Amino acid sequence: MTEAALRPPHVPVLLGPLLSVCAPVSGVWLDGTFGAGGYARALAGAGAARVIGIDRDPAALCLAEPWLPDWQGRILLREGTFGELDRIAAEEGAVPLDGVVLDLGVSSMQLDEAERGFSFGKEARLDMRMSQSGTSAHDLVNQAAEEHLADILFLYGEERAARRIARAIVQARPVETTTELAAIVAACLPRPGPGQSHPATRTFQALRIAVNDEYGELARGLAAAERVLRPGGLLAVVTFHSVEDRMVKRFLAPPAGPSRHAPQADGGAPAWDPVTRKAIEPDAAELAANPRARSARLRVGRRTGAPARRLDPVVLGMPVLKGRAGR
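The final tally for this structure, using the stated rule, is three aromatic pairs. When the centroid spacing of 5.9 Å and the interplanar angle of 15 degrees are considered together, the rings of Phe34 and Trp67 count as stacked. Highlighted residues: Phe34 in the loop between β1 (28-31) and α3 (38-46) and Trp67 in the loop between α4 (58-64) and β3 (75-79), separated in sequence by 33 residues. Considered together, Phe34 and Trp67 belong to a single accessibility category, that of buried residues. Ring geometry for Phe251 and Trp272: centres 5.5 Å apart, planes at 50 degrees, overall tilted. Placement of the pair is Phe251 in helix α13 (residues 242-252) and Trp272 in strand β6 (residues 272-274), with a sequence separation of 21 residues. When sorted by exposure, Phe251 lands in the same class as Trp272, which is buried. Here the basic side chain of Arg303 rests over the ring of Trp272, its NZ or CZ set 5.8 Å away from the ring centre. The ring centre of Phe251 lies 5.0 Å from the NZ or CZ of Arg309, which sits over that ring.

Written out as structure tokens, the structure reads:
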């Protein structure tokens, strides 16, 4: 194995804690958010016999082409979403799986490529599509009804000034670029103090989540992992904001009597044994090396032998948009 094959271009957050909690790593794993392949390579290096990587971004497939052959078939990459990981695993003859890892949110590669339109700090046409197809942020910003746009900002970005910002966006249409949108949002909010995030952070997060249906994808991915993991198999999920973390926490929580927050499997048996009782956060050393890790949280669960559940995403705490999307 060459040194280049072992060294990822972007080190994933909480990689060390994930490998430690999941040790010993063995069998067949699925990396549902492949990105630059950091988790997949680390899992294979730690002992996984095979790792199936999934990514909806065609750019991830292209970036992996030079180094995939070095792993001699132990890492396989498929284009798709992790909400369909059970189908992809079945097509690869990998059911049941021994482990699944999901690293949610936008990747460093996507943020750093200005032309992808994810970052308010780099001028580009609004886009934010991970798959590079379908409805874009430009479409939403310029076509969504004001009320629908406000709902997106409030529910997906937890933006308290959602209605004020949505009104300003509609009045400023057409809005073409990331920096133009960031300026509109900044004009609606107080000037940030030292150490505070840019005023447009929540708006850009909300639009990205809406464009890529990230909450719906998470609910589908969690349910798919429950269907295909063997008893004793591990699910590790890295989240980056409170809504995602709440969904994962409720999903992995054992049933505690009648509760709308912990839906039970058939017969009331828990589908998961929590491996991490509380979310694991990055330590000071990781934060110093990678400030983007500051909001990351890791939760790990071990699959029981209970039947897979039919899950209601709303019960998991997934925000649900209502109303019309058009003008």
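Along strand β5 (residues 229-239), eight of the eleven residues are buried, which leaves the element largely enclosed by surrounding structure. Relative to β5, strand β4 (residues 97-103) runs parallel, the two being bridged by six bridges. The residue bridging Leu97 from the neighbouring strand is Leu229, located in β5. Note that β5 and strand β7 (residues 297-303) share six bridges and pair antiparallel. Bridge pairing in β7 links Val237 to Arg299.

Rules behind the numbers
Here the residue numbering is sequential within each chain, running from 1 through the sequence in written order. Under the rules for a predicted model, residues below a pLDDT of 70 receive no local features and side-chain atom pairs below 80 are neither given nor counted, while totals for whole chains, interfaces and linings still include all residues. Side-chain measures were taken over the full set of non-hydrogen atoms in the model, leaving aside hydrogen atoms and water. Centre distance within 6.5 Å is the pairing criterion for rings of Phe, Tyr and Trp, where only the six-membered ring of Trp is used; planes under 30 degrees apart are then read as stacked, over 60 as edge-to-face, and the remainder as tilted. The secondary structure listing takes helices from DSSP runs of H or I that are at least 4 residues long and strands from runs of E that are at least 2 residues long, numbered from the N terminus. Only protein chains enter the area calculation, which uses a 1.4 Å probe; residues under 20% of their type maximum are buried, those over 50% are exposed, and those in between are partly exposed. In this scheme, the term charge over a ring applies when either NZ of a lysine or CZ of an arginine sits within 6 Å of the ring centre and within 35 degrees of the ring normal. Strands are labelled as partners when DSSP assigns at least two bridges between them.

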